[in-house]
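Descriptive structure summary
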Amino acid sequence: MNKLIIRGGIPLSGQVQVSGAKNAVLPILAGALLASGPVIIRNVPHLHDVTTTMELLGQMGVSLTMGEKMSIEVDPTTIKNTFAPYEVVKTMRASILVLGPLLARYGEAEVSLPGGCAIGARPVDMHLSGLAAMGAKINVEQGYIKARVDRLKGARIVMDQVTVTGTENLMMAASLASGTSVIENAAREPEVIDLANFINAMGGRIENAGTDTITIHGVEKLHGCDYTVLPDRIETGTYLVAAAITGGKVLVKYTDPKLLDAVLAKLVEAGALIDIGDDWIELDMEGKKPNSVNIRTAPYPGFPTDMQAQFCALNAIAEGTGSVTETVFENRFMHIQEISRLGANVNLEGNTAIIRGVKNLNGAQVMATDLRASASLILAGLVAKGETVVERIYHIDRGYDHIEEKLAGLGAQIQRVSY
Ligand code: EPZ
């Protein structure tokens, strides 16, 4: 097991480079199953979830070759089976993303139901009902989704609520279906757009991805392509909050400011000076403490739930009182108990955390519970007096590429130790 040891109190400064987006590369790797030839995917982040997805595809018989500078060549033509075992799916819910492509390309799939998850029940009922609407015969037995179809056919699907991977699964399935599909109440996340662009680069015909109504004209075949994944907006936001919480000045490179409007607005409200270019964002806190801000998470373009925990940490040492309301997941406040161990003053009232800024936090031992909670504990440790030890950091390695190296590059005193 590994843990991170952080000595807080140092204002971060310097430049940090963002990696490719975890939540784009995972559906794109699954989408490679749709192709009738090899695809090359570039700007792949070095993350445990990427390794897990490669293992999942590999045990299906798909050929994967790491290329130069974090690129991967995926050749799905060597596939041997359409089975996604519980042993893999239980470690990463996004494995469900192979279901749509396998059904669309091979007419069959046996995928383990994702198990429970720390942040919420996270069912996949909308994935399954959408595939059934396209003609798939779906049985769920012994914890596995068993699906078959001769060929999916286009359908008009109205999503009961906005679901990112639900939209992505159905968009991938529809890309090889016969006829046209329309997904209403679709997710608008940039990662959905990136997946649509990837499928269109393979010869797909997807229109209006990024809006709440996506039209997919099914095609007979999808060829290989060479595609570069978009930058990670949540990694970007996390480093911007690291600068804000420590009163520092940081330039985040190889990102896209247009992906973070809601987050940048809240950082400005917190008192940060923000400057942006085509592919960079600079945040300067001028040594000041942040002002408290009120957050309410929502599907894109609203404030992202994946940045909620990070702003809880920011509010913990801000001037004033801030409220943080989580509307997407039912149990995404597990970081609150841990941040309170560092001295934060937080009251949970239903799905809202009321956070009264304190003069300073004090280092302590804390435990990571999920990916973004881990990030918030690290952020709190960067500003807490003394030493903070974050345990169970396998959570953080799922979604952040070389986080301690990147933070150390900004002047943080942080090291990974085994225990
Ligand atoms: C994606 O998860 C992201 N993961 C999550 O990022 C992100 O938090 C989430 O979208 C919301 O933005 C990936 O893209 C791999 P949802 P997803 O389906 O698709 C309910 C991170 O930290 N729902 O949009 O699983 C669900 O329970 C991760 O990077 C159903 O009820 O989220 C939730 O309450 C965490 N039935 C809500 O919808 C369904 O069939 C939104 O979930 C599907 C979803």
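Residues numbered from 1 in each chain as written. Predicted model: local features only at pLDDT ≥ 70, side-chain atom pairs only at ≥ 80, totals over all residues. Heavy atoms only, no water.

Some thoughts on the overall build of the protein chain
Looking only at helices and strands, the protein chain has 14 helices and 24 strands in total. For a compact globule of 419 residues, the expected C-alpha radius of gyration is about 22 Å, and the protein chain comes in at 21 Å, within 12% of that figure. C-alpha extents for the protein chain along the principal axes are approximately 65 × 45 × 40 Å. In the protein chain, which comprises 419 residues, the proportion classed as buried is 58%. Contacts spanning at least 24 positions in sequence make up 73% of the contacts within the protein chain whose residues lie at least 6 apart. (Helix = DSSP H or I, 4+ residues; strand = E, 2+ residues; numbered from the N terminus. Rg over C-alpha atoms; globule rule 2.2 N^0.38 Å. Buried < 20%, exposed > 50% of the residue type's maximum accessible area, 1.4 Å probe, protein only. Contact = heavy atoms within 4.5 Å.)

What about unusual backbone geometry?
Excluding glycine, residues mostly carry a negative phi; peptide bonds, for their part, are mostly trans. The omega torsion of the bond from Tyr300 to Pro301 falls at 10°, within 30 degrees of zero and hence cis. Here Pro301 is to be found in the loop between strand E18 (295-296) and helix H10 (308-316). Its identity is not glycine, yet Asn208 carries a phi of approximately 65°, on the positive side. Within the secondary structure, Asn208 is located in the loop between strand E12 (205-207) and strand E13 (213-217).

Regarding the site of the ligand
Around the ligand sit 21 residues, and of these Asp125, Thr163, Thr165, Asp306 and Val328 come closest. One of the side-chain N or O atoms of Asp125 is found 2.7 Å from a nitrogen atom in the ligand. Within the backbone of Val164, a nitrogen or oxygen atom sits 2.8 Å from an oxygen atom of the ligand. Within the complex, 89% of the 830 Å² of free accessible area of the ligand lies under protein. Listed by contribution, the elements that provide at least two residues to the shell around the ligand are helix H1 (22-31), helix H5 (125-133), helix H6 (164-175) and helix H12 (371-383). The leading source of residues in the shell around the ligand is H5, at three residues. (Near = heavy atom within 4 Å. Polar contact = N/O pair within 3.5 Å; in protein donor to acceptor, adjacent residues only side chain to side chain. Areas by Shrake-Rupley, 256 points an atom, 1.4 Å probe, with all protein chains shown as cover.)

Remarks on the pairing of strand E16 (residues 273-276)
With four bridges connecting them, E16 and strand E17 (residues 280-284) associate as antiparallel partners. Looking at the pairing, Leu273 lines up with Asp284 of E17. Between E16 and the antiparallel strand that follows it, E17, lie three residues. (Pairing = 2+ DSSP bridges.)

A short note on the pattern of salt bridges
Counted by the stated rule, this structure contains 17 salt bridges. The closest approach of N and O atoms between Asp49 and Lys22, which form a salt bridge, is 3.9 Å. With Asp49 in helix H2 (residues 48-58) and Lys22 in helix H1, this residue pair connects regions lying 27 residues apart in the sequence. Each of the two residues, Asp49 as well as Lys22, counts as buried. (Salt bridge = Lys/Arg side-chain N within 4 Å of Asp/Glu carboxyl O.)

Section: the side chain of Ser376
Inspection of the secondary structure puts Ser376 in helix H12. A residue is classified by how much of its surface remains accessible, and Ser376, at 0% relative accessible area, is buried.

Points about helix H8 (residues 233-245)
In this model, H8 (13 residues) spans 18 Å end to end at C-alpha, consistent with the 18 Å of a helix rising 1.5 Å per residue. The buried fraction of H8 amounts to 13 of the 13 residues, a majority that puts the element mostly inside the structure. Where H8 begins, the side chain of Asp232 points an oxygen toward the backbone nitrogen of Ile234, at a separation of 2.9 Å. Phi turns positive one or two residues past the end of H8, at Gly247, with a value near 70°. (Expected span 1.5 Å × (residues − 1).)

Things to note about the environment of Lys3
Position of Lys3 relative to the elements: it lies in strand E1 (residues 2-7). Here the alpha-carbon distance between Lys3 and Ser292, two residues 289 residues apart in the chain, equals 30 Å.

Let's talk about the packing of aromatic side chains
The full count for this structure, using the stated rule, is three aromatic pairs. Ring centres of Phe83 and Tyr144 lie 5.5 Å apart, and the angle between their planes is 25°; on these two criteria the pair is classed as stacked. With Phe83 in strand E6 (residues 83-84) and Tyr144 in strand E9 (residues 144-148), this pair connects stretches of sequence that are 61 residues apart. Geometrically, the ring pair formed by Phe303 and Phe311 is edge-to-face, given 5.0 Å between the ring centres and 90° between the ring planes. The same class applies to Phe303 and to Phe311, which are both buried. (Phe/Tyr/Trp six-rings, centres within 6.5 Å; stacked < 30°, edge-to-face > 60°.)

Observations concerning the sheet that holds strand E22 (residues 365-367)
Judged by pairing direction, the sheet is mixed, and its four strands sit side by side in the order E22-E23-E1-E24 without closing on themselves. Only two strands of the sheet have a single neighbouring strand rather than two, namely E22 and strand E24 (413-418). Pairs of neighbouring strands in the sheet enclose a mean axial angle of 25°, with direction left out of account. Note that E22 and strand E23 (residues 387-391) share three bridges and pair parallel. Bridging across to E23, Gln365 finds its partner in Val389. Sitting on the sheet, H12 touches E1, E22, E23 and E24, and the angle it makes with E1 is about 30°. (Axes fitted to C-alpha atoms, helices over the stretch in contact; angles between N-to-C directions.)

Remarks on the environment of Ile96
When you line up the elements, Ile96 lands in the loop between helix H3 (86-89) and helix H4 (99-106). For Ile96, a relative accessible area of 2% corresponds to the buried category. Expressed as a C-alpha distance, the spacing of Ile96 and Val328, which sit 232 residues apart in the sequence, is 19 Å. Setting aside residues up to four positions removed in sequence, Ile96 forms contacts with Val111, Pro114, Val124, His127, Ile145 and Asn169.

Let's talk about the sheet that holds strand E19 (residues 321-325)
Taken in spatial order, the four strands of this open sheet run E18-E19-E21-E20, and their pairing is mixed. Two strands in the sheet have a free side with no partner beyond their single neighbour: E18 and strand E20 (345-349). Sheet topology places E18 next to E19; two bridges connect them, and they run parallel. Residue Arg296 lies in a different strand from E19, and its bridge partner there is Thr325.

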